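Descriptive structure summary
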Amino acid sequence: MNIKIKLTIMSFLQLFVWGAWLITIGTYCFNTKGWTGAEFGAIFSTLGLSSIFMPPITGILADRWINAEKLYGILHILYGLVLLYVPQVNDPNTLYYVIFLAMIFYMPTLSLSNSISYSILKNNAMDVVKDFPPIRVWGTVGFIVAMWITNLTGSKANANQFYIAAVFAIALGLYSFTLPKCPPQKLTVNKSSWVELFGLNAFRLFSTYKMALFFLFSMFLGGALQLTNMYGDSFLSDFAKIPAYADSFVVQYSTIVLSISQISETLFILAIPFFLKRFGIKQVMLISMLAWVLRFVFFAYGDPVGGLWMILLSCVVYGMAFDFFNISGSLFIETTTDSSIRSSAQGLFMMMTNGFGAVLGSKASGYLIDTYFTTGNNKDWSSIWLSFAVYALVIAIAFAILFKHEHNPKDSVNEVVKV
């Protein structure tokens, strides 16, 4: 099979097995189970907690001791097996630990999939910056397809969403063993220090001012990303409580409406090389932060009828908000770190965005929503989204002031993202 096709299938399934439940677990916990914001926030925070330590650990394993594609396959099979058990859980405290275990297996595969793709493309003399985005875009397509399947099968408020993800996760795990080999580089020597032996060299990136800032803002943006993943479907579904909106398309097909966000991703992913070359890494990341502000503001004032255009525009803006930081950030890491620590460095990036960032976003937002924006069973969604918008705006202003980087439009894309 053609190398690009094999990587495309991997990319498609990578996000399919997440998209089947990530956006709708909020509806499952709030509407079906009746759990509180704090309880759901704790459950969702497991994405972040697992990302703090698992991506760096698996990155080190892939750099030093085990083929990346084999490790990737084992993790997906274990992830699928845990998801098969989720429907049996009826207590939020128990679900916390079950989802935590599932995330321990799944979250590191996000960075591993990037490392595998980069390694295979390079081994076949292909241009990572040019050839990776068209492959990665199929991951977003997989996420969209999974969301549609969950919504159209009536699974967004029940446990079937986890069965869907589990079956395809196990299939992906088995498929990964057919990928070209990505062996560890084993660049350590007999007299290597324990830091080198365990692949902790990547943590030295924090000693560089620009890289330290990059990782810091990765954490803050990671928090923003989790907010819409956590509450987007619950927000749209709650319009059912208002008689004028109860039978609207937005309420009935909220997950499909939110999938416009991922459709938008597919377009903005393909535009990344152009924007990086034209504007440079700082401007591209700043654009992402400002897009997050718009994402939240449009949600704050949108509704399923007169304000439908705001909800739709918020979904379109999401593509720019997500891609311009996450994909560009991954390419930034790939082109600014030594080959001996790239898997580890990708793990650090994942640790800051989906690790500390997710914990920050999920824990803080759950507390704030319960404390300040909830009355009985009703949530003040407009105020919730506006508070998130203020958060994103503060981050954008701080980034514009603190992150120093000069961009020369005549540079190649690779040079544009050099530290």
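Placed above this text is the structure.
In what follows, the accompanying structure is described. (Residues numbered from 1 in each chain as written. Predicted model: local features only at pLDDT ≥ 70, side-chain atom pairs only at ≥ 80, totals over all residues. Heavy atoms only, no water.)

Let's shift gears to the side chain of T24. Looking at the element boundaries, T24 is found in the loop between helix 1 (3–19) and helix 2 (25–32). Contacts of T24, omitting those with residues within four sequence positions, involve T150, K156, Q161, D233 and T255. (Helix = DSSP H or I, 4+ residues; strand = E, 2+ residues; numbered from the N terminus. Contact = heavy atoms within 4.5 Å.)

Here we come to the packing of aromatic side chains. Evaluation of the coordinates by the stated rule reveals 37 aromatic pairs. Ring centres of F296 and W385 lie 6.0 Å apart, and the angle between their planes is 15 degrees; on these two criteria the pair is classed as stacked. Taken together, the residues span a long stretch of sequence, with F296 in helix 12 (residues 281–301) and W385 in helix 15 (residues 381–402) at a distance of 89 residues. Using a relative accessible area of 0% as the deciding quantity, one classes F296 as buried. (Phe/Tyr/Trp six-rings, centres within 6.5 Å; stacked < 30°, edge-to-face > 60°. Buried < 20%, exposed > 50% of the residue type's maximum accessible area, 1.4 Å probe, protein only.)

Before going further, it helps to spend a moment on the environment of T8. Checked against the element boundaries, T8 lands in helix 1. Looking at T8, the relative accessible area reads 19%, which means it is buried. Separated by 109 residues in the primary sequence, T8 and S117 place their C-alpha atoms 9.3 Å from one another. In contact with T8, other than residues within four places in its own chain, are I135 and W138.

Two numbers describe how helix 1 lies on helix 4 (residues 68–83): the axes approach to 12 Å, and their chain directions differ by 30 degrees. With respect to helix 4, the axis of helix 1 lies roughly parallel. Relative to helix 4, helix 1 is oriented so that their crossing is left-handed. For the pair helix 1 and helix 4, the contacting residues are M10, Q14, V17 and W18 in the first and Y72, H76 and Y79 in the second. For the contact of helix 1 with helix 4, the class distribution of residues is five nonpolar, two polar and no charged. (Axes fitted to C-alpha atoms, helices over the stretch in contact; angles between N-to-C directions. Parallel < 35°, antiparallel > 145°, perpendicular 65-115°, else oblique. Left-handed = near helix turned anticlockwise from the far one by under 90°. Nonpolar A, V, L, I, M, F, W, Y, C, P; charged D, E, K, R; others polar.)

Now for the side chain of T353. As for its position among the elements, T353 is in helix 14 (residues 342–372). A polar contact of 3.0 Å, which involves the side chain of T353, links it to the backbone oxygen of F349. Among all residues touching T353, those that are not within four sequence positions of it are S218, G222, F325 and A358. (Polar contact = N/O pair within 3.5 Å; in protein donor to acceptor, adjacent residues only side chain to side chain.)

Okay, a nonpolar patch on the surface next. A surface patch of nonpolar side chains, amounting to about 490 Å² of accessible area, comprises I74, L78, L81, L84, Y163 and F177. With three residues, the top contributor of residues to the nonpolar patch is helix 4. Here Y163 lies in helix 7 (residues 160–176). (Patch = residues over 30% accessible without salt bridge, like charges linked within 9 Å, V, L, I, M, F, W, Y side chains within 5 Å. Areas by Shrake-Rupley, 256 points an atom, 1.4 Å probe, with all protein chains shown as cover. Salt bridge = Lys/Arg side-chain N within 4 Å of Asp/Glu carboxyl O.)

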